Amino acid sequence: MANPASSTKLRSLYRALLRELPPRPLLATPRSPLHQRLRDNFYVASSSAAVNNNNNNHIDLAVRHGEQYLAYLRAQRVYSALLERYNPGMGMDEEERVRLSARRVGMDLPTAYKNDGTD
């Protein structure tokens, strides 16, 4: 796995994983533990691939696991986007959901009676 194609594959997999993770707010902030762990793992994988060729199976297995994890992250991102798109009332409280449901069928809810203590 010491060939240039494999290092390119590792680099593209690393970048794709970073794209799927939430971004850092500022580049001045320290990396999250997950970012740091990914960076360390990919650094070790690329350096060990350059040093010896005996653990190619181990690195290939790690690359396949990384690709599966990447597919999972992409699927989760798409799932959450579709869930937000097709269930817009998910983040609303019950009162707002009932009001919007009534508006959908052409009804307005009556205004709530406020008892301020004066008769």
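Keep in mind that what you see is a predicted model, and the values were worked out from it rather than measured.

### Things to note about the overall build of the protein chain
- Within the protein chain, the regular secondary structure consists of four helices and zero strands.
- Reading the protein chain from its N terminus to its C terminus gives the helix and strand order α-α-α-α.
- Per-residue burial for the protein chain yields a buried fraction of 18% across its 119 residues.
- Within the protein chain, counting contacts between residues at least 6 apart in sequence, those at least 24 apart form 61% of the total.
- If you sum the accessible surface of the protein chain, you get close to 9800 Å²; carbon and sulfur atoms cover 56% of it.

### Looking at the nonpolar core
- Counting twelve residues, the largest nonpolar core consists of Leu10, Leu13, Tyr14, Ala16, Leu17, Leu21, Leu38, Phe42, Ile59, Val63, Leu70 and Leu73.
- When sequence neighbours within four positions are dropped, the list of residues in contact with Leu73 reads Leu17, Glu20 and Leu21.

### Quick word on helix α3 (residues 56-86)
- Here α3 contains 31 residues, and its C-alpha end-to-end distance of 45 Å stays within 8% of the 45 Å for a straight helix at 1.5 Å per residue.
- Among the residues of α3, Ile59, Val63, Gly66, Leu70 and Leu73 are the ones counted as buried.

### Digging into the pattern of salt bridges
- What the rule picks out here adds up to six salt bridges.
- Two residues, Arg77 and Glu20, come together in a salt bridge whose shortest N-O distance is 2.8 Å. With Arg77 in helix α3 and Glu20 in helix α1 (residues 4-20), this pair connects stretches of sequence that are 57 residues apart.
- Take Glu20: its relative accessible area is 17%, and that puts it in the buried class.
- Of the charged contacts in the structure, one is a salt bridge between Glu94 and Arg97, with a shortest N-O distance of 3.2 Å. Taken as a pair, Glu94 and Arg97 lie in helix α4 (residues 94-104) at a separation of three residues, close to a single helical turn.
- For Glu94, a relative accessible area of 52% puts it in the exposed group.

### Some thoughts on the side chain of Glu20
- Side-chain polar atoms of Glu20 contact the side chain of Arg77, separated by 2.8 Å.
- Discounting chain neighbours no more than four positions away, the residues touching Glu20 are Leu70, Leu73, Arg74 and Arg77.

### Observations concerning the side chain of His35
- Position of His35 relative to the elements: it lies in helix α2 (residues 33-51).
- Of the residues examined, His35 reaches a relative accessible area of 12% and is grouped as buried.
- Leave out the neighbours within four places in its chain, and His35 touches Leu18, Leu21 and Pro22.

### Some points on a nonpolar patch on the surface
- Taken together, the side chains of Leu34, Tyr69 and Tyr72 make up a nonpolar region of the molecular surface, amounting to roughly 300 Å² of accessible area.
- Under the relative-accessibility criterion, Tyr72 is labelled partly exposed at 47%.

### Let's talk about the confidence of the model for the protein chain
- Within the protein chain, residue pLDDT values average 80, and 83% of them lie at 70 or more.
- Taking the mean pLDDT of every element in the protein chain, the minimum, 74, falls on α2 and the maximum, 88, on α3.

Rules and cut-offs
- Residues numbered from 1 in each chain as written.
- Predicted model: local features only at pLDDT ≥ 70, side-chain atom pairs only at ≥ 80, totals over all residues.
- Heavy atoms only, no water.
- Helix = DSSP H or I, 4+ residues; strand = E, 2+ residues; numbered from the N terminus.
- Buried < 20%, exposed > 50% of the residue type's maximum accessible area, 1.4 Å probe, protein only.
- Contact = heavy atoms within 4.5 Å.
- Areas by Shrake-Rupley, 256 points an atom, 1.4 Å probe, with all protein chains shown as cover.
- Core = buried A, V, L, I, M, F, W, Y, C linked by side-chain atoms within 4.5 Å.
- Expected span 1.5 Å × (residues − 1).
- Salt bridge = Lys/Arg side-chain N within 4 Å of Asp/Glu carboxyl O.
- Polar contact = N/O pair within 3.5 Å; in protein donor to acceptor, adjacent residues only side chain to side chain.
- Patch = residues over 30% accessible without salt bridge, like charges linked within 9 Å, V, L, I, M, F, W, Y side chains within 5 Å.
- pLDDT = per-residue confidence, 0-100.

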